[in-house]
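Descriptive analysis of the structure
So you can see what is in the structure, the chains are spelled out below.
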Amino acid sequence: MTAVAWVAGRPLDVAAVDARLAAMRQGPYAARLPDPATAEGRNLRRWLVQVLTVEAVVAHEAHALGVTAASGDAPRQVTLAEALRSGGVTAAVVAAHPLARSLRAVVAPPVPATEADTAAYYDRNRDLFPLDFAQVRDALAARLGAEDAERRFARWLEERCAALVRLAPGYEHPGDPRHPDAVHRH
């Protein structure tokens, strides 16, 4: 067994990465995936390791907290707005895994935004509302609170990943400057 990472001391085997990549290469977006022999192909493997480790952290933390997936909660598509608020990997894991959504509800429950924050957002973005503040206040406060919960969960999950994940050399984040294929910059 060759580990690509360890999550809470448990190895994540390269076979898991190979299996996920094989499934992707059989899926509807197979033609869009890079050749495995290219830098982009190697970075795709590194990206999958990031996803698999976050999934493992979610499973570990959910187990530790006694959280289970809500029944009937199916995977869904990730939106660009979610990815921008919480990061691509976190957004993808939350969209794909009901357990991650249940964990988020426990760790970072949505709390409606305050009246002052909601009014300030409304004032800064009047062009988005044909309607009076009183007509949108409750829905807008709920939406702003849900978006804040996404960001709080992403920060918490990032902290848990930092504490629980150890990557094998060569499987760093695609943007890590220590490997020669690093092209993703922040």
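For the structure, see preceding data.
An account of the accompanying structure is given in this report. Just so we're clear, the structure is a prediction, and the values are computed from it rather than from any experiment.

All right, on to the packing of helix H6 (residues 115-124) against helix H7 (residues 133-164) then. Between H6 and H7, the least distance of the axes is 9 Å, while the angle of their chain directions is 110°. The angle between H6 and H7 places the two elements in the roughly perpendicular class. The residues of H7 that touch H6, namely those facing Glu 115, Asp 117, Thr 118, Ala 119, Tyr 121 and Tyr 122, are Phe 133, Val 136, Arg 137, Leu 140, Ala 141, Arg 143 and Leu 144. In terms of residue class, the contact of H6 with H7 is built from eight nonpolar, one polar and four charged.

Right, let's talk about the environment of Ala 162 for a bit. The topology assignment puts Ala 162 in helix H7. Assessed through its relative accessible area of 64%, Ala 162 is described here as exposed. Taking the C-alpha atoms as reference, Ala 162 lies 43 Å from Ala 134; in sequence the two are 28 residues apart.

In spatial order, the strands read S2-S1-S3; together these three strands make up an open sheet with antiparallel pairing. Lying at the two open borders of the sheet, with one neighbouring strand each, are strand S2 (10-13) and strand S3 (165-167). Across the sheet, the axes of successive neighbouring strands diverge by a mean angle of 25°, strand direction being ignored. In the sheet, strand S1 (residues 3-7) pairs with S3 via three bridges, with the strands oriented antiparallel. For Ala 5, the partnering residue across the bridge sits in S3 and is Leu 167. Of the strands in this sheet, S1, S2 and S3 are in contact with helix H2 (residues 39-65), which crosses S1 at around 30°. Running at roughly 60° to S3, H7 makes contact with S1 and S3 of the sheet.

It is worth spelling out the environment of Glu 150 at this point. Along the polypeptide, Glu 150 turns up in helix H7. Classification of Glu 150 as buried rests on a relative accessible area of 12%. For the pair Glu 150 and Val 17, spaced 133 residues apart in the sequence, the C-alpha separation amounts to 27 Å. In this structure Glu 150 touches Glu 82, Arg 85, Ser 86 and Arg 104, once residues within four positions along its chain are discounted.

Let's shift gears to the pattern of salt bridges. Summed over all chains, the structure comprises 12 salt bridges. For Glu 115, the salt bridge is made with Arg 137, and the minimal N-O distance between the two is 3.5 Å. Residue Glu 115 is found in helix H6, and its partner Arg 137 is found in helix H7; the two are separated by 22 residues along the sequence. Judged by relative accessible area, Glu 115 falls into the partly exposed class, the value being 46%. Residue Asp 123 pairs with Arg 126 through a salt bridge whose shortest N-O separation is 3.0 Å.

Counted under the stated rule, the structure contains three aromatic pairs. Ring geometry for Tyr 122 versus Phe 129: centroids 5.1 Å apart, planes at 35°, classification tilted. We note that Tyr 122, like Phe 129, is buried. Among the aromatic residues, those joined into a cluster by ring pairs are Tyr 122, Phe 129 and Phe 133. Note that Arg 166 overlies the ring of Trp 6, its terminal NZ or CZ placed 4.0 Å from the centroid.

Analysis parameters
All chains use their own residue numbering, which begins from 1 and follows the written sequence. Confidence filtering applies because this is a predicted model: local features only for residues at pLDDT of at least 70, side-chain atom pairs given and counted only at 80 or more, and all residues used for totals across whole chains, interfaces and linings. Based on all heavy atoms of the structure, the side-chain values leave hydrogens and waters out of the count. To get an axis, fit a line to the C-alpha atoms, keeping to the stretch in contact for a helix; angles then go from 0 to 180 degrees between the N-to-C directions. Under the scheme used here, helices are H or I runs from DSSP no shorter than 4 residues and strands are E runs no shorter than 2 residues, and both carry numbers assigned from the N terminus. Geometric relationships in this document are graded by angle, where less than 35 degrees denotes roughly parallel, more than 145 denotes roughly antiparallel, 65 to 115 denotes roughly perpendicular, and other angles denote oblique. Any two residues having at least one pair of non-hydrogen atoms within 4.5 Å are treated as being in contact. The nonpolar class holds Ala, Val, Leu, Ile, Met, Phe, Trp, Tyr, Cys and Pro. Asp, Glu, Lys and Arg form the charged class, and all remaining residues, Gly among them, are polar. Throughout this description, buried means an accessible area under 20% of the type-specific maximum (1.4 Å probe, protein chains only), exposed means over 50%, and partly exposed covers the range between. Any two strands with at least two DSSP bridges between them are considered paired. The working definition used for a salt bridge is a side-chain nitrogen of Lys or Arg within 4 Å of a carboxyl oxygen of Asp or Glu. Stacked, tilted and edge-to-face pairs are distinguished by plane angle, under 30 degrees for stacked and over 60 for edge-to-face with tilted covering the rest, among Phe, Tyr and Trp rings (Trp via its six-membered ring) whose centres lie within 6.5 Å. Lysine and arginine charges are scored as sitting over a ring when NZ or CZ, respectively, is within 6 Å of the ring centre and within 35 degrees of the ring normal.

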